[in-house]
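Architecture and fold: a report
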Amino acid sequence: MLEFIQLLKQRYQSVLALLDMKSPLYFEYQQRIEQLLYAEAFLRKGLLIHDFPKCPLQIAVIGPTQAGKSSIVNVLLNDVLAGVSPLAGYTVHAQGFCHRLTSDDLDGLQHYFGRFQCLDAAALSRNRFDCYSVGNSLSQSDLLPACVVWDTPDFDSIDAIDYREGVIRTLALADLVVLVVSKEKYADQSVWEVMKTIEAFGQPTLICLNKLAEGSETLVLDSLRQKWQQTRGDPMPKVVPLLFEKPRTVPVWPLSAQTALFELAKQLDQKKHAEQQQLFLNRYWREWLEPVFAEHRAQRQWQSLIDQCLEEAGSAYRRDFLDHPHHYHTFQAALLNLLKLLEIPGFAKILSKTRRVMTWPVRKLMSLGQSGFQSSPDQEISILNQIGDHVMIQLADKLLDKTETETLNGGWWRETAVLLRQKRAELSLTYQQAVLVYHQDFLQDVDAAAHRLYYKLEEQPLVLNSLRATRISTDAGGMFLAIQAGGIGVHDLVITPLMLTITSLLAESAIGGYMHRVEAELKQQQMQTVKTRLFQTVLREQLYQLPLQIQLPTRFNITEQQCQLAEQALKEKKHGLRIL
């Protein structure tokens, strides 16, 4: 699941980089990227819990600018470790401080932060945000159990987008959250957007209401409670009010909240983390995958258009060739092969020599050059090539219509139309070559049909002898060799006396019904072979894959199978989200 979330985030980032800021999708995609950052970090937290179950308690102090986060960290630690400044945005890196811990207790922390590098606090640079620091607190505090306390950057300033990921990773790492707000900042929308996003994390939370003026506690607390109830569905957490005292540099932690963090730590149940992961992912899943599903729908529509065109192509092939009274010649070719089988054993060689003498003028003329007696292209090959061209033209027209009608996904159709135009010559050539291979291979089926008829004739000796007598008495040998030499096409056989005689004798004989069945089966077999080998294997498979060849940063290009595997992992219990 983690890999899938990372992939989805990367695709969103690629698409966003090319989006116009005026696009209605720009800020929507920006928000989804942030949600995916939360998801990625929270899944990393799940791996940390599973692989390093003894990882110490993590407490994140978060809040908007100038709320006093660093000051609260120092109060909790009973030490001055977090840098404090009156300037907004002073802290831009997550900085952890170990309380009652050693460095040996931090195994797995770097694995959690991933590409973020751990540096000494003095080495942190404002020009680089993919880093963090972890230091030690030598003081003992009665406010904290053994833990790592994290001072975090703000999430609401103009520059916060630069270091936002560091904040998110630290927030998702936290077992407990301390939200620090001031009386000026507690109602800021940015605060409640963050708190709404992390609600599914199920982190026990403590609110520090800082810089309160004496006498305003009740009013501000009531307003704070309303904001929480409007934003979150869980109970209002404990609030620690901290009064503003001008002479002091740090706030005073009230005695009533001395054990607040110890009590929150008792509420922790890391066994629920997988369930919380599912809650968080399910909350945004459909929204995150909306553009991915749109591409899947477009791909299915494209495939449907192809299927429609190929269905029409099959009808055209049947109409213009198989059922055409003048173009269809396959069964005549089978009867021609039958003539060869009707040769009388012993006389075949003599007759063959005689016929070769008779047809010598035709064969001689055919050998003189290519400008004279050239055979015309086979009718079936010509028809199939025309059908292939028509399919390409139809699809190009349909793509053009889609680019104009599909306003939300017009780019997908436009890019596919461009690629089809670029690939059309290549696709047509591949198809035409496949037509020639099919046509040559199907001669075996034609010959097989002739043998079926001959074997059936052997069961009827009288009919077989009559046909052989006709074979001898009618001078078809010259015609047969002329066909082989290229002087006449198979489709012209229907007008020859011999073919008319043979066909009539077969039709009127005892195997007449069998002959019609062989013809029908041969025609059906030819139809099925063309559909399978040409329309489906060549045209459909290549055209289906055409949009998938477009690897532009404007596309998500996440397959349905990848989504199905991710959704299956999402539904699994316990460590199911960890697998993928």
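Sequence order as written defines the numbering, with residues in each chain counted from 1. The predicted nature of this model means local features are confined to residues of pLDDT at least 70 and side-chain atom pairs, given and counted, to a pLDDT of 80 or more, with totals for whole chains, interfaces and linings taken over all residues. Side-chain metrics rest on all non-hydrogen atoms present in the structure, leaving aside hydrogens and water.

Things to note about the overall build of the chain
- Counting secondary structure elements, the chain contains 21 helices and 8 strands.
- By the burial criterion, 49% of the 580 residues in the chain qualify as buried.
- Of all intrachain contacts in the chain linking residues separated by at least 6 positions in sequence, the fraction that spans at least 24 positions is 80%.
- Accessibility throughout is a Shrake-Rupley quantity obtained with a 1.4 Å probe, and a residue counts as covered only by protein chains that appear here. Counting only carbon and sulfur atoms, one obtains 53% of the accessible surface of the chain, whose full area is about 29,100 Å². Think of it this way: any DSSP run of H or I at least four residues long counts as a helix, any run of E at least two long counts as a strand, and we number them from the N terminus. Exposure is judged per residue with a 1.4 Å probe applied to protein chains only, and the accessible area is read against the type maximum: over 50% gives exposed, under 20% gives buried, and values in between give partly exposed. In what follows, a contact means two residues having at least one pair of non-hydrogen atoms within 4.5 Å.

Things to note about helix α9 (residues 273-288)
- Compared with the 22 Å implied by 1.5 Å per residue over 16 residues, the 21 Å span of α9 between its first and last C-alpha is a close match.
- Note on bend: at a given residue it equals the angle between the axes fitted to the 7 residues ending there and to the 7 starting there. Of all the bends in α9, the greatest, near 35°, is centred on Asn 282.
- The set of residues buried in α9 consists of His 273, Ala 274, Gln 276, Gln 277, Gln 278, Phe 280, Leu 281, Tyr 284, Trp 285 and Trp 288.
- Tucked into the core, α9 has its buried residues touching α1 (2-18), α2 (26-51), α6 (189-197), α10 (290-322) and α21 (560-571). To estimate how far a helix should extend, the number of its residues minus one is multiplied by 1.5 Å.

A word on the pairing of strand β1 (residues 57-62)
- In terms of residue burial, β1 counts as a mostly covered element, since 6 of its 6 residues are buried.
- Burial along β1 is two-sided: Leu 57, Ile 59 and Val 61 facing one way and Gln 58, Ala 60 and Ile 62 facing the other are all buried.
- A pair of strands is labelled paired if DSSP reports no fewer than 2 bridges between them. Alignment of β1 against strand β6 (residues 176-182), held across 4 bridges, turns out to be parallel. Across the sheet, Ala 60 pairs through a bridge with Val 177, a residue of β6.

Some thoughts on the packing of aromatic side chains
- Any two rings among Phe, Tyr and Trp, with Trp reduced to its six-membered ring, count as a pair given centres within 6.5 Å; such a pair is stacked if its planes are under 30 degrees apart, edge-to-face if over 60, and tilted if neither. Applying the stated criterion to the full structure yields 20 aromatic pairs.
- Between the aromatic rings of Trp 192 and Trp 228, the centroid separation amounts to 6.2 Å while the plane-to-plane angle is 85°, which identifies the pairing as edge-to-face. Of the two residues, Trp 192 is situated in helix α6 and Trp 228 in helix α7 (residues 217-231); the sequence distance between them amounts to 36 residues.
- Owing to a relative accessible area of 3%, Trp 192 belongs among the buried residues under this scheme.
- On the basis of relative accessibility, which here comes to 1%, the residue Trp 228 falls in the buried class.
- Seen from their ring centres, Tyr 438 and Phe 442 are 5.8 Å apart, and the 40° between their planes marks the pair as tilted.

Some thoughts on the pattern of salt bridges
- Any Lys or Arg side-chain nitrogen found within 4 Å of a carboxyl oxygen on Asp or Glu counts as a salt bridge. In this structure the tally under the stated criterion is 25 salt bridges.
- Across the pair Asp 234 and Arg 232 runs a salt bridge whose closest N-O atoms are separated by 2.9 Å.
- One salt bridge in this structure joins Lys 423 and Glu 426, with 3.8 Å as the shortest N-O distance. With a gap of 3 residues between them, Lys 423 and Glu 426 both fall in helix α15 (residues 410-441), about one helical turn apart.
- The class of Lys 423 is partly exposed, set by a relative accessible area of 25%.

Examining the confidence of the model for the chain
- Confidence of the predictor at the level of single residues is given by pLDDT, which spans 0 to 100. Chain-level statistics for the chain give a pLDDT mean of 82 and a share of 82% at 70 or above.
- Contacts for the low-pLDDT stretch residues 475-479, under 50 throughout, to residues beyond four places or in other chains number 10 contacts.
- Low pLDDT, under 50, characterises residues 485-495; the predicted model gives this stretch 21 contacts beyond four residues in sequence or across chains.

Details of the side chain of Gln 276
- Inspection of the secondary structure puts Gln 276 in helix α9.
- Setting aside chain neighbours within four positions, we find Gln 276 in contact with Phe 42, Ala 200, Phe 201 and Gly 202.

A few points about the nonpolar core
- Among buried residues, the Ala, Val, Leu, Ile, Met, Phe, Trp, Tyr and Cys ones that are joined through side-chain atoms within 4.5 Å form a nonpolar core. Grouped together as the largest cluster of nonpolar side chains are 72 residues, with contacts concentrated most on Met 1, Ile 5, Leu 8, Phe 280, Leu 281, Trp 285 and Trp 288.
- Looking at this core, the element that brings in the most residues is α2, giving 11 residues.
- If we ignore the near neighbours within four places in the chain, the residues touching Leu 8 are Leu 36, Trp 288, Leu 289, Val 292, Phe 556 and Ile 558.
- Counting residues in each nonpolar core, the second largest holds 55 residues, with Leu 420, Tyr 438, Leu 522 and Leu 539 among its members.

Overview of the pairing of strand β7 (residues 205-212)
- By the criterion of burial, β7 is predominantly enclosed, with 7 of the 8 residues buried.
- Whether a crossover is right-handed comes down to one check: with the strands pointing away from the viewer, does the path from the first strand over the helix to the second run clockwise; if it does, it is right-handed. Of the crossover connections in this fold, the one passing from β6 over α6 to the parallel β7 is right-handed.
- Pairing between β7 and strand β8 (residues 238-243): 5 bridges, direction parallel. Note that in β8 the partner of Leu 209 across the bridge is Pro 241.
- Each parallel crossover has a hand, and for β7 linked through α7 to β8 it is right-handed.

A look at the state of the cysteines
- We call a pair of cysteine sulfur atoms a disulfide whenever their separation is within 2.5 Å. Per the stated rule, a full pass over the model turns up 0 disulfides.
- Sulfur of Cys 147: no disulfide; nearest cysteine sulfur belongs to Cys 98 and is 8.8 Å away.
- Taking relative accessible area as the criterion, Cys 147 reaches 0% and is therefore assigned buried.

Thoughts on the environment of Ser 70
- Here Ser 70 shows up in helix α3 (residues 69-77).
- What makes Ser 70 buried here is its relative accessible area of 11%.
- For Ser 70 and Trp 150, which are 80 residues apart along the polypeptide, the C-alpha to C-alpha distance reads 9.3 Å.

Brief notes about the environment of Gln 10
- Here Gln 10 lies in helix α1.
- Taking the relative accessible area as the measure of exposure, Gln 10 reaches 43% and is therefore partly exposed.
- Expressed as a C-alpha distance, the spacing of Gln 10 and Pro 553, which sit 543 residues apart in the sequence, is 9.9 Å.

Topic: the packing of α1 against α9
- Fitted lines through C-alpha atoms serve as axes, helices being fitted only where they are in contact, and the angles separating the N-to-C directions of these axes extend from 0 to 180 degrees. Orientation of α1 relative to α9, taken along the N-to-C sense of each, is 40°, at an axis distance of 13 Å. Relative to α9, the element α1 is oriented oblique. Crossing of α1 against α9: the hand is left-handed. Packed against α1, whose contacting residues are Phe 4, Ile 5, Leu 8 and Tyr 12, the element α9 presents Leu 281, Trp 285, Glu 287 and Trp 288 at the interface.
- All residues other than Ala, Val, Leu, Ile, Met, Phe, Trp, Tyr, Cys, Pro, Asp, Glu, Lys and Arg, Gly among them, are scored as polar; the first ten of these are nonpolar and the last four charged. Considered class by class, the residues forming the contact of α1 with α9 number 7 nonpolar, no polar and 1 charged. What sets the label is the angle itself: under 35 degrees gives roughly parallel, over 145 gives roughly antiparallel, 65 to 115 gives roughly perpendicular, and the rest give oblique. Left-handed describes a crossing in which the near helix is turned anticlockwise from the far one by less than a right angle; the clockwise case is right-handed.

Comments concerning the sheet that holds β1
- In space, the 8 strands of this open sheet follow the order β3-β4-β2-β5-β1-β6-β7-β8, with mixed pairing throughout. Of all strands in the sheet, those bounded by a partner on one side alone are β3 (117-118) and β8.
- Across the sheet, α7 lies against β7 and β8, angled at about 140° from β7, the strand it touches most.

Observations regarding unusual backbone geometry
- A positive phi is found at Asn 78, a non-glycine position, where the angle reads about 55°.
- When you line up the elements, Asn 78 lands in the loop between α3 and β2 (94-99).
- Phi at Asn 557 takes a positive value of approximately 50°, unusual for a residue other than glycine.
- Among the structural elements, Asn 557 can be located in the loop between α20 (512-545) and α21.

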